[in-house]
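Residues per chain are reported as follows:
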There are 2 protein chains.
Amino acid sequence: MSILVVGSVALDTVETPSGRAEEVLGGSATYFAMAAGYFTRVNLVAVVGSDFPEDYLNLLQGRSIDLKGLEIREGKTFRWKGRYGEDPNERETLSLCLNVFEDFHPQLSEDYCSSEYVFLANIDPGLHLEILKQLSGSKLIAGDTMNIWIEKRREALLRMLSGVDIFILNDSEAKMLTGEQNLIRAGRAIRSLGPGIAIIKKGEHGVLLFSENDYFAAPAYPVESLCDPTGAGDSFAGGFLGYLAKNGRTDEGSLRKAVIYGSIMASYTVEGFSLDRLKSVTEEDVERKYRKFKNLVRF
Amino acid sequence: MSILVVGSVALDTVETPSGRAEEVLGGSATYFAMAAGYFTRVNLVAVVGSDFPEDYLNLLQGRSIDLKGLEIREGKTFRWKGRYGEDPNERETLSLCLNVFEDFHPQLSEDYCSSEYVFLANIDPGLHLEILKQLSGSKLIAGDTMNIWIEKRREALLRMLSGVDIFILNDSEAKMLTGEQNLIRAGRAIRSLGPGIAIIKKGEHGVLLFSENDYFAAPAYPVESLCDPTGAGDSFAGGFLGYLAKNGRTDEGSLRKAVIYGSIMASYTVEGFSLDRLKSVTEEDVERKYRKFKNLVRF
């Protein structure tokens, strides 16, 4: 089954202790689509400017990503500049230019409106609400967010939350959203806001998945040579939803396996800048890490 | 097989968001012994003052802890006052009076010198070195530490490290000791300092175990109603080493199961002040949590 993703496609300039990458392909929908595209067909809805490099369009198309919904508008592409220090969980935004993204109001084509699997990648939750209004008959809608929307767009975010089946966020965002310092209680609190399934990402400490009467804890895949943390969360979501859409099941066992595949995709993303490592991931790579994951938690 | 533990026995006054406990039984060797005592006989070496309550002696003896090596000296028992805020990983020491502990130089009885299982609970690593000199023919020596010894007694700590088989510390201490921000690299670096096995405790994020060519990640047992984090690490070590000593095996499978039993003991400790919850833990309690742990990580 294919997945519809709506989010950002950007040109990123990133500094990390490993080096620097300039004007490279980034954005929440990009990372999601490249990770999900490993598993299934992805329909990408986003906007870029007329300066967007053709090589990047080719890269996306190469991963069975449908670009019918990628609007190319006169003007400049969304740009983000950021820096990570020794602690990969702390990033500093050096500059952010929305450019053509500023007037982005996604209009889904008729066939996209009936998408069974949908991912609302990290953008203003107001845009998520515009998407939710256009959808009908979706089987599974998942969404993501980030700290600035919790702070500044709380009301829209809460409305968006009541319209999704799965909500994914990181640990500090979960605490900020719910006011709970204990992550188990935070996970429960998120479920009480609407989504039947809550996923809390904890970076190098792994992932917690909360579903009805159940709770799953996965470690992160051990990454020794972290290069660039950008897109880890979006790639996690891509692997997670990609696996679910490919198999068409959302039982507890499938959700748990999906978390592992999500973690594997994230681990490849952070091994390189931009999509340098993720773009060339093979089935052999993924299954090798899956077996290593099994051994990692076995007792 | 019995375990020898050398460390502190103290009277603690603790404030947490859940309440306050005054002059209650604490200390690194106490928590270790009470957790390990669930599995096997423990020989406790420590010192208390003449003010040490008889009820507490009875409590320790009740958990098959041999008190032959607990010196009762004229004077006051070691006292610690501390406070935890909303973040259970951050604690503030309000006061610390070593009292009779100030002149503690443990002398092991002859039969204790040949202990097969030994735990050097968190005290000055200089005292650990005094113990190591007295031991002969031990099968497994494990040790713990804390931030102040890494800062102030680094040289003694490094000598102690080269004399133990297993070293246990928390994530911030692992980073401080090795200078590595990445915990996988930190774990490896600790092993290169001597111990064949390194264990990094990550509080609510679980535990990493590093052994030869292998790596194990366990989540923490989900505790929703944390009461008092004091002694969690010592109880973890007690459950861990208690399980190993009871079964007399140190293969990879046993080490992993021991980590789970350690985590279970720690989860009971933090559910109450002092030893309020841990002291009454039954086999049924422990095995129920073990089964829940299995389900928690299964995929």
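Everything in this summary refers to the structure shown in the same document. Remember, it's a predicted structure, so these values are computed and weren't measured experimentally.

**Focus: helix α7 (residues 171–178) of chain B**
All names here are of chain B.
Moving on, step 1. Every buried residue of α7 is listed here: E173, A174 and L177. Along the axis of α7, the buried residues cluster in a sector spanning 105 degrees; they form a single face.
Moving on, step 2. Each element contacted by the buried residues of α7 is listed here: α5 (147–152), α6 (154–161), β11 (166–170), α8 (183–191) and β12 (197–201).
Moving on, step 3. One or two residues past the end of α7 sits G179, with phi positive at roughly 75 degrees.

**Considering the sheet that holds strand β7 (residues 79–84) of chain B**
Residues and elements named next belong to chain B.
Moving on, step 1. The sheet built from four strands is open, its strands ordered β3-β2-β7-β8 with mixed pairing. Where the open sheet ends on each side, the last strands, each with one partner, are β3 (19–26) and β8 (91–97). The sheet shows a mean angle of 15 degrees between the axes of neighbouring strands, taken without regard to direction.
Moving on, step 2. Sheet analysis places strand β2 (residues 10–16) next to β7, joined by five bridges and oriented parallel. The residue of β7 that forms the bridge with V14 is G82.
Moving on, step 3. Lying on the sheet, helix α2 (residues 54–62) is in contact with β2 and β3; it crosses β3 at an angle near 70 degrees.

**Details of the interface of chain B and chain A**
Moving on, step 1. The interface of chain B with chain A comprises 32 residues on the first partner and 32 residues on the second.
Moving on, step 2. Carbon and sulfur atoms make up 53% of the area that chain B and chain A hide from each other, which totals about 2900 Å².
Moving on, step 3. Among the residues chain B hides against chain A, the three largest losses belong to H205, E224 and F299 of chain B. Together they make up 28% of the total.
Moving on, step 4. Our enumeration of links across chain B and chain A arrives at four salt bridges.
Moving on, step 5. A salt bridge links E204 of chain B to K175 of chain A, with the nearest nitrogen and oxygen atoms 4.0 Å apart.

**Examining the sheet that holds strand β7 (residues 79–84) of chain A**
Residues and elements named next belong to chain A.
Moving on, step 1. Strand order in the open sheet made by the four strands is β3-β2-β7-β8, with mixed pairing throughout. Every interior strand has two partners, whereas the edge strands, β3 (19–26) and β8 (91–97), have only one. Looking at each pair of strands side by side, their axes are set apart by 15 degrees on average, direction ignored.
Moving on, step 2. Contacts from helix α2 (residues 54–62) reach β2 (10–16) and β3, with the element oriented near 70 degrees to β3.

Scoring rules and cut-offs
- Residues numbered from 1 in each chain as written.
- Chains lettered and ligands numbered in written order.
- Predicted model: local features only at pLDDT ≥ 70, side-chain atom pairs only at ≥ 80, totals over all residues.
- Heavy atoms only, no water.
- Buried < 20%, exposed > 50% of the residue type's maximum accessible area, 1.4 Å probe, protein only.
- Helix = DSSP H or I, 4+ residues; strand = E, 2+ residues; numbered from the N terminus.
- Arc of directions from axis to C-beta.
- Contact = heavy atoms within 4.5 Å.
- Pairing = 2+ DSSP bridges.
- Axes fitted to C-alpha atoms, helices over the stretch in contact; angles between N-to-C directions.
- Buried area = accessible area lost by both parts, 1.4 Å probe.
- Salt bridge = Lys/Arg side-chain N within 4 Å of Asp/Glu carboxyl O.

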